[in-house]
Amino acid sequence: MSATTTIQNDQQHTLGSPVPPFTAHAISVSLPTWRDNVDYEEGDKRVIDAMMTGYPRFFIHRTIQQLASICEQRFGVQGERCMLFPARRIAEQCREFMMDRSTKEGSPFPIRLVQFTICPEDNEPSTPCRELHIVFFPSDRFSVAKQFWQHTGLGISSRYAERCLSMLHEQFGSPESPLPTNGRPPVKPGNRHYSAKSLGKSPPHSPVTVHARYGGSIAEQTAELLSKDHLNYVEERYGRNMPLESAAAAKRAMRRRIAGVLVRDTPSDWSTAGSTEAQLGPSTRGVEGVTEDDVFLYPTGMSAIWGAHQLALAVRPIAKSVCFGFPYTDTLKILEKWGPGCHFFGHGLDADIDELEKLLEMESQLSEGPPILALFTEFPSNPLLRSADLPRLRQLADVYDFLIVVDETIGNFVNVEVLPYADIVVSSLSKIFSGDANVMGGRRARSSLARTASCLTLDFSLVLNPKGRHYSALKAHMAAHFEDTYFDEDAIYMERNSRDFRRRIRIIDDNTLAVCSFLRGRSLADTAHPPGSAIKEVYYPKWITRHNYEKCRVSGPEGQPTGGYGGLFSLTFTSMEASKAFFDALPCMKGPSLGTNFTLACPYTILAHYTELHWAASWGVEAGLVRVSVGMEERETLLKGFEKAVLAAEAVAQQ
């Protein structure tokens, strides 16, 4: 049995543990059975108590919880909780959101901001001071604050929290040092390494102590931290990570990779990819003139989508947006909760474009400005893997003067070329661009089983199309207002993870095609399917809206397709019991997220739409849908594992 297989089988019995295992900053969590997933959504104590980590926007990482607890003790008053952000502007946006939601609900409540600056004790230049921008609110309104955290993805990362905790530990002294009787972190008189100022209503001079919420004293919590100096030494000494002081170069290297301008970009070229020595050439993104300056990095995928929407609201006349196709859940929430709302075309099929055109014509007669603000779509979509007709949508955008924003996370720019049809392209870097499921990130672009890692980052990018009609206005606004809140240490890990992403994508594409071909042959979608088939449909771009996918598939110099169909697919079954049997028998890691180097499965609709199952089903997203992100395991191992799961489902279906 291979080491990979052993890890996977062990993982099936480790409810609540990080995915991948032994990963301090993992962005997924083990929910190995269907019942575990349902009980998680129900808030069952058995599952909640076992959760060591979770998907970052839904489960606040333990290090962030620890840091928030410290801030509540130091600056909070009785009955308050807080959220932590890396920039004042974001904290203000959180306050604005909470005030807006509370006003609409008819029950406004007090919200205040505090800025907390933490500096290292030794004044080490390579370890700069860190700012925390803290939003305090009544504890019974935590769910409202959590909406902002979840939808926007703008909270601090777990590594950011870890760095702050390590500096606070230096200030505390040894773990054995007693805390003051009021439970606050000790601060030396006149110590410039701490500073805090209120950006709202000041708290009382002697606030009531808010005790640590997550168990243990502050000293005990900070004592749990590993030696960051030791971890950094190992990573840098063996050539895996850039030095921490090279974060700017790491970000530049990633922006160049995303822009497609690096002439040489193999894993061995990592030391020059972000330097002035790098050889740059024309972009491979399908649009002339794309440069690294058109790429903007965000701390999470949703923050780039939120940023794209905010950019559109700032630059273009205010109007509703369009969400075309059934999207990842928070995309629709962003379009609904910020701005004037959105029109939802949830099927995202060619017939919906006919209806969209009717809407555009009607709205254009009622308004002097553009009928809509922007159209948001995923290519292909998650979880139904449908691809919109981007050339036709581009034609409508040119006629009716609206922006097109494409999320290419599932397709990825190695496989599909969507920038020519978009004004803005966004993508989640924490997926296949990273692969290690240990760092969050995203990018935004404007139109004109590998190693086990030790950390988490949710990163996203935004790319602008330099040939787009509104490029100049979009670029000018970004130049004036974009604030880089992507934590340096997260960028260091993401850069390392992304060095061989093209090679990994090719392997994963081939593995996924083999697995899906096997599964489709056992499904009702195949005319020659065996009797007793339990699989109804295999949702995969090769068979779902393929004609639209092929229009954007990357081709070689001679016009031959070189892009694959991606590493994600979904399955539906003839019964809910067959879905459960397949999922429980599948010998791979189970948890949220996708695009990992290892195979990862989840009952997607249960996790993403548990409180709205009937609504999701009305758009074709069944409650029993199983989503699978295929990894880099040996192909025969994968096929045997999926065969085992299919047999389990068929056995149930035949009962």
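Owing to the predicted nature of the structure, the values given are computational and were not obtained by experimental measurement.

Enquirer: Mind showing me how you'd approach the environment of A87 here?
Expert: Among the secondary structure elements, A87 is positioned in the loop between β3 (80–85) and α5 (88–104). Residues A87 and E131, spaced 44 residues apart in sequence, show a C-alpha to C-alpha distance of 7.4 Å. Excluding residues that lie within four positions of it along the chain, A87 makes contacts with H133, E483 and T485.

Enquirer: How should I be thinking about the sheet that holds strand β19 (residues 626–629) in this particular structure?
Expert: Adjacent strands of a sheet pair through backbone hydrogen bonds, lying either parallel or antiparallel. With mixed pairing, five strands are arranged side by side in an open sheet as β15-β16-β19-β18-β17. Each edge of the open sheet is held by one strand with a lone partner, namely β15 (535–539) and β17 (589–590). Bridge count between β17 and strand β18 (residues 600–602): two bridges; the pairing is parallel. Within β18, the position partnered with K590 by the bridge is A601. The sheet contacts of helix α19 (residues 576–585) involve β16 (568–573), β17, β18 and β19, and relative to β16 the element is tilted by about 140°.

Enquirer: In this structure, what is going on with unusual backbone geometry? I would like to understand it.
Expert: Among all residues except glycine, the phi angle is most often negative; among peptide bonds, the trans geometry is most common. A cis geometry characterises the amide bond from V19 onward to P20, with omega recorded as 0°. Mapped onto the secondary structure, P20 falls in the loop between β1 (18–19) and β2 (28–29). Look at the link from N382 to P383: it is a cis peptide, with omega at 20°. Looking at the element boundaries, P383 is found in the loop between β10 (374–378) and α14 (390–400).

Enquirer: Help me understand the pairing of β10 in this model?
Expert: Strand residues, when the strand is regular, have side chains that alternate between the two faces of the sheet. With five of five residues buried, β10 lies mostly within the body of the structure. Side chains A374, F376 and E378 of β10 all project onto a buried face; the interleaved residues L375 and T377 project onto the opposite face, where all are buried too. Where strand β8 (residues 321–324) lies against β10, three bridges are found, and the strand directions are parallel. Residue F324 lies in a different strand from β10, and its bridge partner there is T377. Pairing geometry for β10 and strand β11 (residues 403–407), over five bridges, is parallel. Each residue of the ladder has a partner; that of L375, found in β11, is I404.

Enquirer: So what exactly am I meant to see when it comes to the packing of helix α11 (residues 301–315) against helix α15 (residues 471–481) here?
Expert: Working note: a packed helix pair is described by the angle between its axes plus the distance between those axes. In contact at an axis separation of 10 Å, α11 and α15 are set at 110° when each is read in the N-to-C sense. Taken together, α11 and α15 sit at an angle that is classed as roughly perpendicular. Note that α11 runs across α15; the crossing there is right-handed. Contacts from L311, A314 and V315 of α11 reach α15 at A473, L474, H477 and M478. Its residues assigned to classes, the contact of α11 with α15 comprises six nonpolar, one polar and no charged.

Calculation notes
Residues numbered from 1 in each chain as written. Predicted model: local features only at pLDDT ≥ 70, side-chain atom pairs only at ≥ 80, totals over all residues. Heavy atoms only, no water. Helix = DSSP H or I, 4+ residues; strand = E, 2+ residues; numbered from the N terminus. Contact = heavy atoms within 4.5 Å. Pairing = 2+ DSSP bridges. Axes fitted to C-alpha atoms, helices over the stretch in contact; angles between N-to-C directions. Buried < 20%, exposed > 50% of the residue type's maximum accessible area, 1.4 Å probe, protein only. Parallel < 35°, antiparallel > 145°, perpendicular 65-115°, else oblique. Left-handed = near helix turned anticlockwise from the far one by under 90°. Nonpolar A, V, L, I, M, F, W, Y, C, P; charged D, E, K, R; others polar.

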